[in-house]
Amino acid sequence: MSIVVTEPVPRPGILDIAAYVPGKEHAPGVARVFKLSANETPLGASPKAIEAFKAAASHLEIYPDGLATELREAIGAVHGLNTANILCGNGSDELLGLLCHVYLGVGDEAVITEHGFLVYKIQIMGAGAKPVVAKEKDATVDVDAILAAVTEKTKLVFIANPGNPTGTYVPVSEIRRLHAGLPKNVILVLDAAYAEYVRRNDYEAGLELVATSRNVVMTRTFSKAYGLAALRIGWMYAPTAIIDAMNRVRGPFNMNAPAIAAGASAVRDQAFIEKAVEHNTLWLDKLTHAFEAIGLRVTPSVTNFLLIHFPDVDGKRAEEADAFLTSRGYILRAVKGYGFPNALRMTVGTEEANRGVIETLGEFMGRTA
Ligand SMILES: *Cc1c(COP(=O)(O)O)cnc(C)c1O
């Protein structure tokens, strides 16, 4: 007996995936909008990167360098890394997807954490594998919970350090303990999308651990501190065996030429990044204190965003705050899908935007900071 299938059917599991929903961008009817929902920098990109992007516009008929050599060399020079251990991607999202594509299949498992970045789960399921969720503690990755979630089916462990949307981080000693407890065939993926912003002595993005192990990779992005989200530039620092495997399946021209040129100029302009981080550090502190002063709880953040928790009181919940802020043109990120039904994530903005949110939330809470 044969079943007649009358339409194309995706592989099993694909239709179980909930598609990624980006933060909202619009506030209907409001003239001036401050988008603080996607962790973009308020300071734009380095003028040198913009110049390089414009110059690349005069040769759009030429295929890009499939090895993104200029970009990999610039990253290698700035971070002191061998270019053979650097792989660039169309956003770090592409690299996270490629890791799943190459290392996971049906029957495999990958460990993610309770409030982890949703892209991991989507890509794990896209590869036909099973995401296994490890609980976090105080909105912070819990190494013991991750180790307890590892089975002989585990192939990948994903952690964002610092985390999104939590803004918290795990010290390098804990990352080392996690790595020491993992079987040698399990890849530890350290997603360090916000590493540029962290100012803590006990934090490391993962460079040393990658250099001294065969099963650790670190991913980075130009979408946040570098202000190049529109161009989609990510990179991975990894052992050559892992890069070799991923190079076999990635698109041969996955990085476009303007992105390669702009990215290389951006990473060489570290003075620009220092200024961006300085602005962020200042406002992270000011915003945290201002929100606490009006009776809101803020998860301590080392990133360019804050997780703001609202009272469990009618009229004062996150959903209501979200509507109130949006009506004034301040767009924050609802984080229900990340396990925080009564919180909003706010990206650090310009001084004007930050002051506006402080004032608007003060009004919402009936208190002034
Ligand atoms: C923003 C972000 C990224 C970056 O993604 P791109 O594809 O490089 O824009 C990766 N991981 C986390 C946790 C993020 O928040």
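Residues numbered from 1 in each chain as written. Predicted model: local features only at pLDDT ≥ 70, side-chain atom pairs only at ≥ 80, totals over all residues. Heavy atoms only, no water.

(A) Region of interest: helix H9 (residues 257–268). Between its first and last C-alpha, H9 extends 17 Å over 12 residues, near the 16 Å set by a 1.5 Å rise per residue. Across the 12 residues of H9, 10 count as buried, placing the element largely inside the fold. Those residues of H9 lying buried are Pro-258, Ala-259, Ile-260, Ala-261, Ala-262, Gly-263, Ala-264, Ser-265, Ala-266 and Val-267. The inward-facing, buried residues of H9 contact helix H1 (47–56), helix H2 (69–79) and helix H10 (270–293). (Helix = DSSP H or I, 4+ residues; strand = E, 2+ residues; numbered from the N terminus. Expected span 1.5 Å × (residues − 1). Buried < 20%, exposed > 50% of the residue type's maximum accessible area, 1.4 Å probe, protein only. Contact = heavy atoms within 4.5 Å.)

(B) Representation of unusual backbone geometry. For the peptide bond that leads from Asn-161 to Pro-162, omega is 0°, which places it in the cis range. Mapped onto the fold, Pro-162 is located in the loop between strand S7 (154–160) and helix H6 (172–181). Between Asn-164 and Pro-165 the backbone carries a cis peptide bond, its omega angle lying at 15°. In this fold, Pro-165 is placed in the loop between S7 and H6. Look at Asn-39: it is not a glycine, yet its phi comes out positive at around 55°.

(C) Local environment of the UniProt feature "modified residue: N6-(pyridoxal phosphate)lysine" (unreviewed entry) in the protein. Taking the numbering used here, the UniProt-annotated feature "modified residue: N6-(pyridoxal phosphate)lysine" (unreviewed entry) corresponds to Lys-224. Within the element layout of this structure, Lys-224 appears in the loop between strand S9 (216–221) and strand S10 (234–237). (UniProt positions renumbered as here; feature names shortened; annotations may be inferred.)

(D) Looking closely at the sheet that holds S10. Sheet architecture is open: 7 strands sit in the order S2-S10-S9-S8-S7-S3-S4, paired in mixed fashion. The open sheet has two free edges, formed respectively by strand S2 (86–89) and strand S4 (130–134), since each of these has just one partner strand. Along the sheet, successive strands turn relative to each other by an average axial angle of 25°, direction set aside. Bridge analysis of strand S3 (residues 109–113) against S7 gives 3 bridges, and the strand direction is parallel. Residue pairing across strands places Ala-110 opposite Leu-156, the latter belonging to S7. Across the sheet, H6 touches S7, strand S8 (187–191) and S9, and the angle it forms with S8 is around 155°. (Pairing = 2+ DSSP bridges. Axes fitted to C-alpha atoms, helices over the stretch in contact; angles between N-to-C directions.)

(E) View of the packing of H2 against H9. One way to put it is that H2 packs onto H9 with a least axis distance of 8 Å and a crossing angle of 10°. Judged by the angle between their axes, H2 and H9 are roughly parallel. Regarding H2 and H9, the two cross each other, and that crossing is left-handed. On the side of H2, the interface is formed by Glu-70, Leu-71, Ala-74, Ile-75, Val-78 and His-79, while H9 contributes Ile-260, Ala-261, Gly-263, Ala-264, Val-267 and Arg-268. Classifying every residue of the contact of H2 with H9 by side-chain character gives 8 nonpolar, 2 polar and 2 charged. (Parallel < 35°, antiparallel > 145°, perpendicular 65-115°, else oblique. Left-handed = near helix turned anticlockwise from the far one by under 90°. Nonpolar A, V, L, I, M, F, W, Y, C, P; charged D, E, K, R; others polar.)

(F) Local environment of the nonpolar core. Counting 59 residues, the largest nonpolar core has Leu-71, Leu-188, Phe-222 and Trp-235 as the members making the most contacts within it. By residue number, the principal contributor to this core is H9, which donates 6 residues. Here this core gathers at least three residues from each of two domains, domain 1 (14–44 + 271–365) and domain 2 (47–268). The residues contacting Phe-222, other than those within four sequence positions of it, are Leu-71, Ile-75, Gly-227, Leu-228, Ala-229, Ile-233, Trp-235, Gly-263, Ala-266 and Val-267. (Core = buried A, V, L, I, M, F, W, Y, C linked by side-chain atoms within 4.5 Å. Domains from an automatic or database assignment.)

(G) How the structure looks around H1. For H1, the full list of buried residues reads Ala-49, Ala-52 and Ala-56. Axial view of H1: buried residues confined to an arc of 60°, hence all on one face. What points out from H1, more than 90 degrees from its buried face, is the exposed set Pro-47, Glu-51 and Lys-54. In this fold, the buried residues of H1 make contact with H9. (Arc of directions from axis to C-beta.)

(H) Broad picture of the side chain of Asn-215. Secondary-structure assignment places Asn-215 in the loop between helix H7 (207–211) and S9. Residue class for Asn-215 comes out buried when judged on its relative accessible area of 6%. Residues in contact with Asn-215, not counting those within four places in the same chain, are His-179, Pro-183, Lys-184, Val-186, Ile-187, Leu-188 and Pro-239.

(I) Region of the structure containing the pattern of salt bridges. Following the criterion strictly, the structure yields 17 salt bridges and no others. With a closest N to O distance of 3.5 Å, Asp-322 and Lys-24 form a salt bridge. Of this pair, Asp-322 sits in helix H11 (residues 318–327) while Lys-24 sits in the segment before strand S1 (34–35), and the two are 298 residues apart along the sequence. Where Arg-177 meets Glu-174, a salt bridge forms, and the shortest distance between an N and an O atom there is 2.9 Å. Remark: Glu-174 and Arg-177 occur in helix H6; sequence separation between them is 3 residues, near one turn of the helix. We classify Glu-174 as partly exposed; its relative accessible area is 25%. It is possible to trace a salt-bridge network through shared partners that takes in Asp-144, Glu-174 and Arg-177. (Salt bridge = Lys/Arg side-chain N within 4 Å of Asp/Glu carboxyl O.)

(J) Summary view of the site of the ligand. Taken together, the residues surrounding the ligand are Gly-91, Ser-92, Asp-93, Phe-117, Asn-164, Asp-191, Ala-193, Tyr-194, Thr-221, Ser-223, Lys-224 and Arg-232. Note that an oxygen atom of the ligand is positioned 2.7 Å from one of the side-chain N or O atoms of Asn-164. Notes on the ligand: free accessible area 390 Å², of which the protein chains cover 94%. By residue class, the composition of the shell around the ligand is 3 nonpolar, 5 polar and 4 charged. (Near = heavy atom within 4 Å. Polar contact = N/O pair within 3.5 Å; in protein donor to acceptor, adjacent residues only side chain to side chain. Areas by Shrake-Rupley, 256 points an atom, 1.4 Å probe, with all protein chains shown as cover.)

(K) Region of the structure containing the domain arrangement of the protein. Along its sequence, the protein is organised into domain 1 (14–44 + 271–365) and domain 2 (47–268). Computed over C-alpha atoms, the centres of domain 1 and domain 2 are 25 Å apart. Taken together, the contact between domain 1 and domain 2 spans 30 residues of the former and 29 residues of the latter. When the buried surface of domain 1 facing domain 2 is broken down by residue, Ile-273, Val-302 and Tyr-338 rank first, second and third, together holding 27% of it. There are 0 salt bridges connecting domain 1 and domain 2. Counting every contact that joins domain 1 to domain 2 gives 4 residue pairs in polar contact (both at pLDDT 80 or more). Breaking the side of domain 1 that touches domain 2 down by element, the ones donating at least two residues are H10 and strand S12 (305–309). The residue inventory of the side of domain 1 that touches domain 2, partitioned by class, reads 17 nonpolar, 11 polar and 2 charged. (Buried area = accessible area lost by both parts, 1.4 Å probe.)

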